[in-house]
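Secondary and tertiary structure notes
Read off the chains here:
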Amino acid sequence: GGPRATAPAQQLRALFYVLPPGESSFRTLEEVPDYVEKSIPFFIAFMGLEFAVSWVQKRKLSGRINDGISSLSLGILSRLPDVLFRSVDLISYIYVWNNYRLFELPWDSPWTWYLTLLGVDFAYYCFHRISHEVNILWAVHQIHHSSEDYNLFTALRQSVLQRYTSWIFNLPMALFIPPSVFAVHLQFNLLYQFWIHTEVITNLGPLEWILNTPSHHRVHHGRNPYCIDKNYGGTLIIWDRIFGTFEAEDEKVVYGLTHPVNSFDPIMLQLRPLAHIWNTFWATPGFGNKLSVMFKGPGWGPGKPRLGLPEEIPVITGKEVPFNPSVPAYLNCYAVVHFAVITDLYTELLGTVTMLSQGTILLRIGFIILSLTSFGLLMENR
């Protein structure tokens, strides 16, 4: 596989998807590093840098304590299943590879590396687009869009359930691409999307034609009518340009959902959209209409087109006020300090999971979930 970079440099370069094939090709799956977990220190460093740059540019911070803690809590929740079992993406991929592969591309070929880059990114585009256009999948994915801020914290705001809907889009690659190569690019594609969640980077010139950039992704997170269902790309924006879902950043973007959830409770954010679909399903007459509630767009209703009516998207006035309950300063300080303790407990759990009993692991996971939920309730004055 060629010479390896030092570990810290490798994690930093993986974050920006600039590790060449020779430094990120591995013969077996067991050799593939966990780039995501090892990049956590860089996530924290870049968040601090974003706050500093935002203060210099605009004399204001790039986010709020309540929304930031909510995003980080959702990020930790989304990773907790990894403590108990292997990623469903890899389990399903390995199964297809072992039983149904048609041929085997060489694991150490640069052409295999670049083909996998394109394959993983195209699979992500397809999954991401369907997640916006199929209501039951949108109920899972919309958690990532629920923040009314847009910063690097938002990148970590993820759903616990999304991984159980995305795996199927990667399976065609298992017919010919080795699992070790796939595992590298699955992580790289996710890591790349971290840095594009920021307002401090405006425009990247000619790169805007090829790469997914902060400008393009700001549009994707907007609730302005011109932003809805646009710019689904992960690393590359070429898929959106090819399939007609591209939109350039124009008027100021207002972030969040068209109908804000107004909550910082990570469990409520996960479950409320599913409860809404459940209630709508039973309230809608006719079996065909009930299926449409599940599998047509979130804006669909009887008599409407599959994705709903564009004119029903709420108009943006520019006077929208984010959900921001006032809490005493000491509660904010307490939440930040206690959250740091829970984060340390979480990272320790990841590092020692093989040495702990199943009962101890479950108790620690339960304590982490209880604590993260409590922070959300505190931020709502509950």
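Residue numbering note: each chain is counted from 1, following its sequence as written. Side-chain atom pairs in this predicted model are given and counted only at pLDDT of 80 or more, local residue features only at pLDDT of at least 70, and totals for whole chains, interfaces and linings cover all residues. Water and hydrogen atoms play no part in the side-chain values, which are based on all heavy atoms of the structure.

**Some points on the side chain of Asp265**
Note on conventions: DSSP H or I runs of at least 4 residues are helices, E runs of at least 2 residues are strands, and numbering of each starts at the N terminus. With respect to the helices and strands, the residue Asp265 is situated in the loop between α13 (238-243) and α14 (266-283). Buried charge without a partner: Asp265 forms no salt bridge, and the closest opposite charge is Arg382, 4.8 Å away. In this description, contact between two residues means that some pair of their heavy atoms is separated by no more than 4.5 Å. Apart from residues no more than four positions distant in its own chain, Asp265 is found in contact with Thr373, Gly376, Leu377 and Glu380. We call a residue buried when its accessible area falls under 20% of the maximum for its residue type, exposed when it is over 50%, and partly exposed in between, using a 1.4 Å probe and counting protein chains only. None of His or the chain ends enter the tally, which takes Lys and Arg as positive and Asp and Glu as negative. Here, a salt bridge means any side-chain nitrogen of Lys or Arg that lies within 4 Å of a carboxyl oxygen of Asp or Glu.

**Some words on the pattern of salt bridges**
All told, the structure shown has 12 salt bridges when counted by the stated rule. Linking Glu133 and Arg129 is a salt bridge whose minimum nitrogen-to-oxygen distance equals 3.1 Å. Highlighted residues: Glu133 and Arg129, both in helix α7 (residues 110-133), separated by 4 residues, approximately one helical turn. A residue is classified by how much of its surface remains accessible, and Glu133, at 11% relative accessible area, is buried. Several salt bridges share partner residues, and in doing so they unite Arg64, Asp67, Asp149 and Arg157 into one network.

**Let's talk about the environment of Gly68**
Here Gly68 shows up in helix α4 (residues 65-79). Take Gly68: its relative accessible area is 7%, and that puts it in the buried class. For the pair Gly68 and Ile143, spaced 75 residues apart in sequence, the C-alpha separation works out to 14 Å.

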